[in-house]
Amino acid sequence: MPGLVWPGESQRYKIDQNVLKEASGVVQSRRDAGLLWAHNDSGDWSTLYAISTQGHFRGRVDILGADALDWEDIAAFEIDGEPWLLIADVGDNFGFRAQVSLYLLPEPDIQKLKDGFTLDADVAHRIDFQFEDGPRDVEAVAVDAIESKIYLLSKRDKPPVLYVLPLRPEANQKQPQTAKRITEIKTLPGVREQDLLADPNFGKFSNQPTAMDISADGQRWMITTYKAGLIYTREPGQDVAQMFSQQPKRITLPKLPQLEAGALSPDGRMGYFISERQPAELVIKSVE
């Protein structure tokens, strides 16, 4: 089980066995609160890594039927009381992918995941799609299971643009889906002078979104950037565009080199963050 983290405090762990060489996505298991699912960026196999909330490698799951061109985020959610995962192969640094893919599968049974072993898991549904206004580089993807929607946030647009897809496309849909543009998110903080001074080359990218997650009740949303977590709260009756027009709460984190993986606990109270560069480190922080 994850340790107790008081508001404003954080815990930090090195992830052992060097399994996350370029961490790009993380999410908390819906089966076991003490387990995280994580994956690497491009260059790895179609593999998920089970990591304890103290950074210990628990095992790996090879995803059969999934390509891994550029995995960028992962989401966990429940459908009819059953836990599911969504893996987003949506990275597109150079804007040349006319079509990208999402893979949905039941969350693997951790009782079968013996420490250090490998399981196989099959993709249950594949969603191929395109963006309605052309290719987009996306690293931030989240699922709102209550509304049955998938949200995707572009990275390199200024300001970033939010798109939406149905979580359950029509059964007879044979053509690729189209992600619809919803709104620009103009409330993400701008680049800070201290970031530019600390890193003149990379600091200008510090506010780009690299992950996104939604609490199980759909009320708390977190966008992770290279430097921080940003919490938005969706009030009853608000649509998503209205929520993102409000200023977020900034979650200041310990220094992590190239933060690309971030997730919320299902209750929206805790944040989990993993650095992309090695050695990979996990930070757990209260986001209340």
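The structure we're discussing is the one just above.
Please read all numbers here as calculations on a predicted model, not as lab measurements.

Novice: Please clarify how the nonpolar core should be interpreted in this entry.
Specialist: The nonpolar side chains of a soluble globular protein tend to be buried with one another. One finds Leu 86, Val 90, Leu 102, Phe 129, Ile 150 and Leu 152 to be the most contacted residues of the largest nonpolar core, which totals 23 residues. For this core, the secondary structure elements donating two or more residues are strand S6 (71-79), strand S7 (82-89), strand S8 (100-106), strand S10 (125-131), strand S11 (138-144), strand S12 (149-154) and strand S13 (161-166). Excluding residues that lie within four positions of it along the chain, Phe 129 makes contacts with Val 90, Ala 98, Gln 99, Val 100, Ser 101, Leu 102, Leu 152, Leu 165, Pro 176, Gln 177 and Ala 179.

Novice: Would you mind going over the pairing of S10 with me for this structure?
Specialist: Residues in a regular strand project their side chains so that they alternate between the two faces of the sheet. Relative to S10, S8 runs antiparallel, the two sharing five bridges. Following the sheet pairing, Ser 101 is matched in S10 by Asp 128. Pairing of S10 with strand S14 (residues 177-184), which is carried by three bridges, proceeds in the parallel orientation. Of the residues in S14, the one forming a bridge with Gln 130 is Thr 178.

Novice: So what exactly am I meant to see when it comes to the sheet that holds strand S1 (residues 10-14) here?
Specialist: Pairing between the strands of a sheet comes from backbone hydrogen bonds, and it takes one of two forms, parallel or antiparallel. The antiparallel open sheet is built from four strands, whose spatial order is S1-S21-S20-S19. In this open sheet, the two strands that pair with only one neighbour each are S1 and strand S19 (259-264). Taken pair by pair, the neighbouring strands of this sheet meet at an average axis angle of 20°, ignoring direction. For S19 and strand S20 (residues 270-275), the ladder comprises five bridges, and the chain directions are antiparallel.

Novice: What's the story with the side chain of Glu 260 in this structure? I'm lost.
Specialist: If you trace the backbone, Glu 260 turns up in strand S19. Summary of buried charges: Glu 260 has no salt-bridge partner, and the nearest side chain of opposite charge, Lys 155, is 4.4 Å away. At 3.2 Å, the side chain of Glu 260 and the side chain of Tyr 226 are in polar contact. In this structure Glu 260 touches Ala 23, Ser 24, Asp 41, Glu 72, Glu 139, Lys 155, Thr 210, Ala 211, Tyr 226, Ile 274 and Glu 276, once residues within four positions along its chain are discounted.

Novice: Help me understand the pattern of salt bridges, please; the structure alone is not making it clear to me.
Specialist: When charged atoms on two side chains of opposite charge get close, those side chains can pair. According to the stated counting rule, one finds 15 salt bridges in the structure shown. Across the salt bridge formed by Glu 147 and Arg 234, the nearest N and O atoms sit 2.9 Å from each other. In this pair, Glu 147 sits in the loop between S11 and S12 while Arg 234 sits in the loop between strand S17 (228-233) and helix H2 (240-244), placing the two residues 87 residues apart along the sequence. Take Glu 147: its relative accessible area is 31%, and that puts it in the partly exposed class. For Arg 234, a relative accessible area of 13% translates into the label buried. Glu 184 is paired through a salt bridge with Lys 186; the nearest N and O atoms lie 3.9 Å apart. For Lys 186, a relative accessible area of 64% corresponds to the exposed category.

Calculation notes
- Residues numbered from 1 in each chain as written.
- Predicted model: local features only at pLDDT ≥ 70, side-chain atom pairs only at ≥ 80, totals over all residues.
- Heavy atoms only, no water.
- Core = buried A, V, L, I, M, F, W, Y, C linked by side-chain atoms within 4.5 Å.
- Buried < 20%, exposed > 50% of the residue type's maximum accessible area, 1.4 Å probe, protein only.
- Helix = DSSP H or I, 4+ residues; strand = E, 2+ residues; numbered from the N terminus.
- Contact = heavy atoms within 4.5 Å.
- Pairing = 2+ DSSP bridges.
- Axes fitted to C-alpha atoms, helices over the stretch in contact; angles between N-to-C directions.
- Lys, Arg positive; Asp, Glu negative; His and termini not counted.
- Salt bridge = Lys/Arg side-chain N within 4 Å of Asp/Glu carboxyl O.
- Polar contact = N/O pair within 3.5 Å; in protein donor to acceptor, adjacent residues only side chain to side chain.

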